[in-house]
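Structural overview for review
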Amino acid sequence: MKYLILGILLISIIALTGCSQTVVKYQCADGSFADSATSCSSVSCKTDCPQLDCASCPVKTETKVETKTVTNTIYVCADLTQVKSINDCKTAEQKEIETSSSDLILTINSVRTARSIGDYSLEELGSDEQYIIVDFSIYNKGLEKGYEFNPNWVLVEDSKGYSYSYSWDSSQLSKYWGGMAGVTVEYNSKKSGELAFVVPKIEKQFTLVVKDFLGVKGKKTFSVS
């Protein structure tokens, strides 16, 4: 009985073993599967590949952006205004001093009219006359030894060419130009003061003329409102 059971077991193992087997497949170069490597079709290299033609390639456009730094110089004038050029800081007087060829540069600071000056008068004005009081400056550009100012060398001319000397009533002005003693305007310096002139009321356009014993040293035209 024992031999019978062993025989049955042996037969069962052989039967089970005979039912299990491994199948080997080969994958060819073209991706297909075959029973053996020799069953795969041969593969040949392709030799008629198209040549690369750069002329037919699409054009690639590149945009180059350049950054430019711009520096703007700003000048701050004495009155704190900001300008692009240092010359814009200069006053009209400074510009005239630089460009004028006269020895004396005259600047009219203000002009006013009056019928009287001070508490007394050495002038007797007609009904058609008035004082014009001229506040002006003299810049000495060309006289290295200085300019000895004397009101007797100063006059105003009207539009018709008539000239008028300063009035002796000028001495009562608070900014009188120093009187007969005179004032020296040194080289490359400026001084200011007032003088009065008796002129016809009808005249509105005048020229201030400053002289010395050699002739005219400076002129400046102004108007009276």
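Okay, so let's go over this structure.

About the thresholds
- Residues numbered from 1 in each chain as written.
- Predicted model: local features only at pLDDT ≥ 70, side-chain atom pairs only at ≥ 80, totals over all residues.
- Heavy atoms only, no water.
- Buried < 20%, exposed > 50% of the residue type's maximum accessible area, 1.4 Å probe, protein only.
- Pairing = 2+ DSSP bridges.
- Helix = DSSP H or I, 4+ residues; strand = E, 2+ residues; numbered from the N terminus.
- Axes fitted to C-alpha atoms, helices over the stretch in contact; angles between N-to-C directions.
- Phe/Tyr/Trp six-rings, centres within 6.5 Å; stacked < 30°, edge-to-face > 60°.
- Core = buried A, V, L, I, M, F, W, Y, C linked by side-chain atoms within 4.5 Å.
- Contact = heavy atoms within 4.5 Å.

Let us look at unusual backbone geometry. Phi is positive for Asn188, close to 60 degrees, though the residue is something other than glycine. Residue class for Asn188 comes out partly exposed when judged on its relative accessible area of 45%.

Spatially, three strands are ordered β5-β6-β11 in an open sheet, and the strand pairing comes out antiparallel. Two strands close off the open sheet at either side, each with one partner strand: β5 (104-114) and β11 (190-200). The mean inter-strand angle of the sheet, taken between neighbouring strand axes irrespective of direction, is 25 degrees. Of the pairings in the sheet, the one linking β5 to strand β6 (residues 129-140) comprises ten bridges and is antiparallel in character. From the neighbouring strand, Leu104 faces β6, where its bridge partner is Asn140.

Before going further, it helps to spend a moment on the packing of aromatic side chains. Counted according to the given criterion, the structure contains three aromatic pairs. With a centroid separation of 5.5 Å and an interplanar angle of 25 degrees, the aromatic rings of Phe136 and Trp177 are classed as stacked. Of the two residues, Phe136 is situated in strand β6 and Trp177 in the loop between β9 (163-165) and β10 (183-185); the sequence distance between them amounts to 41 residues. A residue is classified by how much of its surface remains accessible, and Phe136, at 0% relative accessible area, is buried.

This brings us to the nonpolar core. Grouped together as the largest cluster of nonpolar side chains are 24 residues, with contacts concentrated most on Ile132, Phe136, Ile138, Val156, Phe197, Leu208 and Phe222. Elements with a contribution of two residues or more to this core: β5, β6, β7 (147-149), β8 (154-158), β11 and β12 (205-212). Residues within four places of Val156 in sequence aside, it is in contact with Ile132, Tyr162, Ser163, Tyr164, Phe197, Val199, Phe206, Thr207, Leu208 and Phe222. Core analysis: the second largest hydrophobic core is formed by eight residues, Ala114, Ile117, Leu173 and Ala196 among them.

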